[in-house]
Amino acid sequence: MKMLIYGLVTGLLFGFLLQKGRVLRYDKQLGALRLMDMTIVKFMLSSVIVGMVGVYLLSDLGLASLSIKTTILGPVIIGGLIFGFGWGLLGYCPGTSAGAVGEGRWDALWGILGMIFGAGIFAEAYPVLNKTVYTWGDYGKITLPQVLGISHWFIIPVFIAAAILLFIWFEKKGL
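It should be emphasised that the depicted structure is a prediction, and the values quoted were computed from it without experimental measurement.

Undergrad: What is the right way to read helix H3 (residues 39-60) from this model?
TA: Count 3.6 residues to each turn of an α-helix, and residues three or four apart come out pointing the same way. If you check H3, its first and last C-alpha atoms are 32 Å apart, about what 22 residues at 1.5 Å a residue would give, namely 32 Å. Positioned one or two residues after H3, glycine 62 has a phi angle of 80°, which is positive.

Listed below in structure tokens is the structure:
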């Protein structure tokens, strides 16, 4: 029960941050797809940086353990294409479609129905996918620090600096 409460609180907090970051707005979604408004990119990149620091800090302090997923290119590429097609078609990604429905935008409900339908198709196709697509480009459980053979605390500041430079460039371009 405690995990369900944590999930509910985390989901509500995420939805609140999506709404406050204005990334639920259709014009922001469209602007991101057209590479004319980087609000969503800034929001997500900020989330990745905070998450990167938080996860590795908690791991190093022994308060959490990393659960690294296997890097398999086939499903990542196909899933990314399906995700991008759905986002372009609907104008919302999965998180923002749920948030938009929460704000009363019923057009985003089509995205949620599409996710449910897609999950059903995936569940039915999984046995075949597991024997085919899930074998394409299997690199095992790897991380960038492992590939480079250096500490994650050398990689993280580089990512933070790159994100800051990207944010500055976006601001200069008015994006």
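Undergrad: Quick question: what am I supposed to make of the packing of helix H2 (residues 26-33) against helix H4 (residues 73-90) here?
TA: Each packed pair of helices is defined by two parameters, the angle between the axes and the distance between the axes. In contact at an axis separation of 10 Å, H2 and H4 are set at 130° when each is read in the N-to-C sense. When the axes of H2 and H4 are compared, the pair comes out oblique. Read as a crossing pair, H2 and H4 show a hand that is left-handed. The residues of H4 that touch H2, namely those facing Tyr26, Gln29, Ala32 and Leu33, are Trp87, Gly88 and Leu90. Grouping the constituent residues of the contact of H2 with H4 by class yields five nonpolar, two polar and no charged.

Undergrad: Even after reading the chapter, I still don't get the side chain of lysine 42, so can you show me in this structure?
TA: Mapping lysine 42 onto the fold places it in helix H3. A relative accessible area of 19% means that lysine 42 is categorised as buried. Excluding anything up to four places from it in sequence, lysine 42 contacts Phe167, Phe170, Glu171 and Leu175.

Undergrad: I'm lost on the packing of aromatic side chains in this one. Help?
TA: Here a ring pair, both rings aromatic, is described through the centre-centre distance and the interplanar angle of the planes. On inspection of all chains with the given rule, the structure shows five aromatic pairs. Plain terms: the ring middles of phenylalanine 83 and tryptophan 87 are 6.1 Å apart, the flat faces sit at 55° to each other, and that makes the pair tilted. Pair noted here: phenylalanine 83 and tryptophan 87 are both in helix H4, with a separation of four residues, about one helical turn. Taking the relative accessible area as the measure of exposure, phenylalanine 83 reaches 39% and is therefore partly exposed.

Undergrad: Where do I start with the environment of arginine 22 in this structure?
TA: Tracing the chain through its elements places arginine 22 in the loop between helix H1 (2-20) and H2. Separated by 33 residues in sequence, arginine 22 and valine 55 place their C-alpha atoms 26 Å apart.

Undergrad: Would you take a moment to explain unusual backbone geometry for this structure?
TA: Residues other than glycine predominantly adopt negative phi, and peptide bonds predominantly adopt the trans conformation. Phi is positive for arginine 22, close to 65°, though the residue is something other than glycine. With a phi angle near 55°, leucine 35 is a residue other than glycine that sits in the positive phi range.

Undergrad: How should the nonpolar core be read in this particular structure?
TA: Soluble globular proteins tend to bury their nonpolar side chains together. In terms of nonpolar packing, the biggest core is built from eight residues, these being Leu18, Val23, Leu24, Ala32, Ile40, Phe43, Trp87 and Cys93. Excluding anything up to four places from it in sequence, isoleucine 40 contacts Val23, Lys28, Gln29, Ala32 and Trp87. Counting residues in hydrophobic clusters, the runner-up holds five residues, among them Ile49, Met52, Tyr56 and Ile156.

Undergrad: Whenever I open this one, helix H5 (residues 94-102) confuses me. Can you help?
TA: Within H5 the residues assigned to the buried category are Thr96, Ser97, Gly99, Ala100 and Val101. Each element contacted by the buried residues of H5 is listed here: H1, H2, H4 and helix H6 (109-131). Immediately beyond the C-terminal end of H5, within one or two residues, lies glycine 104, with a positive phi of roughly 95°.

Undergrad: Is there a simple way to think about the pattern of salt bridges in this case?
TA: Note on pairing: side chains with opposite charge can pair once their charged atoms come close. Per the stated rule, a full pass over the model turns up four salt bridges. We note a salt bridge from arginine 25 to aspartate 27, for which the minimum N-O separation is 2.9 Å. Across the pair lysine 42 and glutamate 171 runs a salt bridge, and its minimum N-O distance is 2.6 Å. Here glutamate 171 lies in helix H8 (residues 152-173) and lysine 42 lies in helix H3, a separation of 129 residues in the sequence.

What counts and how
Residues numbered from 1 in each chain as written. Predicted model: local features only at pLDDT ≥ 70, side-chain atom pairs only at ≥ 80, totals over all residues. Heavy atoms only, no water. Helix = DSSP H or I, 4+ residues; strand = E, 2+ residues; numbered from the N terminus. Expected span 1.5 Å × (residues − 1). Axes fitted to C-alpha atoms, helices over the stretch in contact; angles between N-to-C directions. Parallel < 35°, antiparallel > 145°, perpendicular 65-115°, else oblique. Left-handed = near helix turned anticlockwise from the far one by under 90°. Contact = heavy atoms within 4.5 Å. Nonpolar A, V, L, I, M, F, W, Y, C, P; charged D, E, K, R; others polar. Buried < 20%, exposed > 50% of the residue type's maximum accessible area, 1.4 Å probe, protein only. Phe/Tyr/Trp six-rings, centres within 6.5 Å; stacked < 30°, edge-to-face > 60°. Core = buried A, V, L, I, M, F, W, Y, C linked by side-chain atoms within 4.5 Å. Salt bridge = Lys/Arg side-chain N within 4 Å of Asp/Glu carboxyl O.

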